[in-house]
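Each chain is listed here by its residues.
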Amino acid sequence: NLFNLSPPHSQQTVNTPSCSNPHCVRAYRLYTIREKKKMTFSRPPLLTMSKKQLFSAFCILNSVNAAFLSNTQQQQQHAQLSKSFTSTPAVTTSFGLPTTFLHTPKSTSSTAVNVGKMDTSDDGPNWIEPSIPTGLGGGSVKSSSGVEEYDMGIFGESYQTGPLSQKMYDALMTAASKRFPPGQEIPSELLDVYMTYAMDMTAREATKAALDTNGLDMAEPEQSITTGEDGLWGNIANVQLIDLETGEIEEEEYTSFQEAVEKGDWEPGQTFNFVVRNVPASTKDIDISQLLSALDPEGALRAEAKDKGMTMPDEDVESLLALGNDCERRCELSPREANDESSVFSGKMGVRGYSVISRSDLLQDSMNRDGTENRATLFHTMDALVSHSCLIVDLSDGGTSYQSTMALSKMWEATSTFFTAIDENPELETSTLPSMDVAEDAGSRHAVVGYASYKGGDMRFVETRFKRGEKAVMMPTEVETILGADSIQSIAESFDAMVGVGKDVVRIATAASSMEVDAFVERKKTSKQPSGYTEEDEEMPFISGLSLEDAVTTGLVEGIEEIDDEDNWDYEPSENELTLASIRASEAAIRLADELIDDSNPLKAESIEALESTAVGEGSVSMSPHRLCRYSNTQQKEEVMDEVFGAHTDTTFVTLIPAASVSGLEVYDEDAAVWFRPELMARKHWEAERRERGEDPSALTETIQIAAGDDETEEVVIPWHARYLIVMPGELLQLTSRNEIPAAVHRVVAAREGQSRLSAPVLLRARTGIKMNVERYFGNLDVAGPLLMECQGIPMEDLHDAMQPSSMQKQ
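Now for a quick tour of the structure. As the structure is a prediction and not an experimental result, all values here were calculated from the model.

All right, on to the side chain of Gln804 then. Within the secondary structure, Gln804 is located in the loop between α25 (796-802) and α26 (806-809). A distance of 3.3 Å separates polar atoms of two side chains, one belonging to Gln804 and the other to Thr651.

By size, the foremost hydrophobic cluster in this structure holds 95 residues, and its most contacted members are Leu391, Phe418, Phe653, Met772, Met796 and Leu799. In terms of residues, this core owes the most to one element, helix α17 (residues 485-516), which gives 14 residues. Counting residues in each nonpolar core, the second largest holds 41 residues, with Ala176, Ala203, Ala210 and Leu241 among its members.

Let's shift gears to the packing of aromatic side chains. Here the structure, examined in full by the defined rule, presents 15 aromatic pairs. Measuring from centroid to centroid gives 6.1 Å for Phe257 and Phe274, while their planes differ by 70°, and the two rings are edge-to-face. Taken together, the residues Phe257 in helix α8 (residues 257-262) and Phe274 in strand β6 (residues 272-283) connect sequence positions 17 residues apart. For the residue pair Phe257 and Phe274, the accessibility class agrees, reading buried in each case. When the centroid spacing of 5.5 Å and the interplanar angle of 80° are considered together, the rings of Tyr668 and Trp675 count as edge-to-face. Take Tyr668: its relative accessible area is 17%, and that puts it in the buried class. The rings of Phe257, Trp266, Phe272 and Phe274 are connected pair by pair, giving a single aromatic cluster. Over the ring of Phe461 we find Arg627, and its NZ or CZ is 5.3 Å from the ring centre. The residue whose ring lies beneath Arg683 is Trp720, and the NZ or CZ to ring-centre distance is 5.1 Å.

Here the focus is the environment of Ser624. With respect to the element layout, Ser624 can be found in the loop between α20 (605-610) and β15 (626-631). At 2.6 Å, the side chain of Ser624 and the backbone oxygen of Asp598 are in polar contact. At a separation of 3.0 Å, a polar atom in the side chain of Ser624 contacts the main-chain amide nitrogen of Arg765.

With that settled, the discussion passes to the pattern of salt bridges. Taken as a whole, this structure holds 33 salt bridges when the rule is applied. Across the salt bridge formed by Arg330 and Asp326, the nearest N and O atoms sit 3.5 Å from each other. On the criterion of helical spacing, the pair formed by Arg330 and Asp326 is a turn pair, its members being 4 residues apart in helix α11 (residues 320-333). Here Arg330 matches Asp326 in class, with each residue buried. Taken together, the shared-partner salt bridges connect Asp394, Glu689, Arg693, Glu702 and Arg723 into one network.

For strand β22 (residues 724-729), a buried count of 6 out of 6 residues is recorded, marking the element as mostly surrounded by other parts of the structure. Here β22 shows no split at all, with Tyr724, Ile726 and Met728 on one side and Leu725, Val727 and Pro729 on the other all buried. Across 4 bridges, strand β8 (residues 391-394) lies against β22 in antiparallel orientation. Opposite Asp394, over in β22, you have Tyr724 as the bridge partner.

By the element assignment, Arg627 lies in strand β15. A residue is classified by how much of its surface remains accessible, and Arg627, at 16% relative accessible area, is buried. Within the structure, the side chain of Arg627 is placed 2.5 Å from the side chain of Glu463, a separation counted as a polar contact. Excluding its chain neighbours within four sequence positions, the residues that come into contact with Arg627 are Phe461, Val462, Glu463, Ser759, Ala760, Pro761, Leu763 and Arg765.

If you trace the backbone, Phe419 turns up in helix α14 (residues 403-424). C-alpha separation for the pair Phe419 and Val462, spaced 43 residues apart in sequence, amounts to 9.9 Å. The residues touching Phe419, leaving out its near neighbours within four places in the chain, are Arg460, Phe461, Leu628, Cys629, Arg630 and Leu758.

For helix α6 (residues 188-213), with 26 residues, the first-to-last C-alpha span of 38 Å sits near the 38 Å given by 1.5 Å per residue. With respect to burial, α6 is a largely interior element, 20 of its 26 residues being buried. Following α6 by one or two positions, Gly215 adopts a phi angle in the positive range, close to 70°.

For Ser431, the location among the structural elements is in helix α15 (residues 428-432). Under the relative-accessibility criterion, Ser431 is labelled exposed at 55%. Among the polar contacts listed, one links the side chain of Ser431 to the backbone oxygen of Glu427, at a separation of 2.6 Å.

Interhelical geometry of helix α13 (residues 375-388) versus α17 gives an angle of 95° and a closest axis separation of 10 Å. Our classification of the angle between α13 and α17 gives roughly perpendicular. Contacts between α13 and α17 involve Thr377, Leu378, Thr381, Met382 and Leu385 on the former and, on the latter, Val505, Ile508, Ala509, Ala512, Ser513 and Met515. Of the residues belonging to the contact of α13 with α17, the class tally is 8 nonpolar, 3 polar and no charged.

This part covers the packing of α17 against helix α19 (residues 575-595). Taken N-terminus to C-terminus, the directions of α17 and α19 make an angle of 140°; their axes are 8 Å apart at the nearest point. Here α17 is positioned oblique relative to α19, judged by the angle of their axes. Taken as a pair, α17 and α19 cross one another with a handedness that is right-handed. On α19, the residues touching Lys503, Val506, Arg507, Thr510, Ala511, Ser514 and Met515 of α17 are Ser582, Ala585, Ser586, Ala589, Ile590, Leu592, Ala593 and Asp594. Residue classes in the contact of α17 with α19 are distributed as 8 nonpolar, 4 polar and 3 charged.

Rules used in this analysis
Residues numbered from 1 in each chain as written. Predicted model: local features only at pLDDT ≥ 70, side-chain atom pairs only at ≥ 80, totals over all residues. Heavy atoms only, no water. Helix = DSSP H or I, 4+ residues; strand = E, 2+ residues; numbered from the N terminus. Polar contact = N/O pair within 3.5 Å; in protein donor to acceptor, adjacent residues only side chain to side chain. Core = buried A, V, L, I, M, F, W, Y, C linked by side-chain atoms within 4.5 Å. Buried < 20%, exposed > 50% of the residue type's maximum accessible area, 1.4 Å probe, protein only. Phe/Tyr/Trp six-rings, centres within 6.5 Å; stacked < 30°, edge-to-face > 60°. Lys NZ or Arg CZ within 6 Å of the ring centre and 35° of its normal. Salt bridge = Lys/Arg side-chain N within 4 Å of Asp/Glu carboxyl O. Pairing = 2+ DSSP bridges. Contact = heavy atoms within 4.5 Å. Expected span 1.5 Å × (residues − 1). Axes fitted to C-alpha atoms, helices over the stretch in contact; angles between N-to-C directions. Parallel < 35°, antiparallel > 145°, perpendicular 65-115°, else oblique. Nonpolar A, V, L, I, M, F, W, Y, C, P; charged D, E, K, R; others polar. Left-handed = near helix turned anticlockwise from the far one by under 90°.

Dropping the structure here:
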């Protein structure tokens, strides 16, 4: 019963397998997992499987194979599987299947198609109709969320279920062969499982393509939407096989893929038809390109936008000006309404991308031994930044390391002391603190320091910067007269802790984007076509999103995937060459983080020597400010939420915001299309962790023991929020990630009167004195793209100015 996808019609979903073996339970859940709709890397289509399908297949193989191991081996492998699966991102893609028209039956009643029988009406072999609830006389199965269930008949020839199933099966077998010692045959019991899985994966993708031709998207089953549990994508009611020799439909019909496989009647590559019921789907969102074409059929508006350096929503960003305009456009389109904590979106617990990542996972020490990025960390980071516009980091590694947390705790004390001093002595604002101005010997007009107050005092902040290489000197120096030298030292330590996280995130994101386009693969030319390529493949369903490295690893791609021209194909790198390219991508990303990001330290000697021809000097003040802020809501009526600092993006690599005790930071979640308040997600993580330990989840502090010398310890109380850091991508990361990671649109809202919010972000910007060297940081120029190529040889300060939107450049 493990993979039975055709329960009785009265039993529309099956939540657990009949077998209670934990491996079977886990395999069942993995097998029925549904893809979530997320942004993914763009890439030329490859004739192979998507990353999500590969990951699911590998996890299935691990789970089922465990049944053939000893008890000890089972426990070890199950533990490793659980760790790897929970850390592996669900990068999803879709098939570009042929857009064969799927006919709708003339009748929409419950008798339009007999249960378990294929429709052979004059309308054609493909059909679709709303599902009818069992025992009801009419009406369709529809949820309050707009998701409706459909019954469908899929003709395999239209959607090429035969060739596609062969590719699926080949990938599973390639993965399976690596799970057993050399020379050991794969157990026959597993072959049926692999074939069943290959049929189901193929049928699912054919169903998605059929829905697409009818203006529908496959959606989460309602129980998944409401509870977060994974559910079946549909119930298989009937299967027909196509004879391999005659091409005719065989007489025998089956109630499930499992039955067709177990009877030995189906083999990989054999075309099959099927009926699937209760497929959840919703109306497709209108395609932006189609909408723009309808509004502007002659292309006049598009041409005008191009002349003005604007990028249309369906176009790639290909210039620095277009990047700035695109960021401005996304800010203007974001909602202006603000909600309180009880109704604002706070993320989804247990969902990758929203999950909190440990600080140690981001370190270079956590990279693979061969110098490549840890795959789980890479995908977690990219999923969070691409889909949700921020990454939440636990600086304490789950309460096991408190050095950075203590630095942030002291920084919060200093920030509170600063604004309390101003409240108690208002003359400090006018007589002591200087207004905003360019720092002395800054080396850039953008290196501004000073104090400012807006909106009647509802937004107050002091822009501080450290002297390069002198963390004891903070500008403006007047801040030290208010806080004292010890507090300045605490702020410097928190600055270093946050900057370290930021540089690691930039390294990972930049390396990932370079790996995605094989930027460090040495390209050669050959006239030989891929060994696995045939004329049939030109008509095959395409799956995008799989890297060349993954395609070669699965064995699906034995040749070249990117066509140079009609007769020449790109060179196929070996597995060793791909690994070497990934190592080079990480090394280049490390160079970028060390040389382009201004961490307030002088350039390393080896970097100065390497950049001698491209370094134009830098000032004595860091370009990355540590801003101490306080947001209030005194101008609004009680209970009203106010957008104190409106929607904007930052010209940074990343903006690092320590979680505050009072939430108020909101980032626009690109995946959920709502404002997301990450500080509330951090709080949920804190409460869940304490609940798991049997501690009070409502606590606002924790007490730790630290060494006090001579084998003595002392207790230190740390606020809960000092453990968490929120990393938001800026415009410079959008650039270095090749436009894969959009700069985070974010804002600050302040709660009702009396609840002020302190904040202390670090805006991680570029060293002004370095010229961009695209090849040094991004590899082969032939895959750099126009956006990066525009930056070649430009000093980072000029690049900063060029990224400003048209409206700012006119001022």
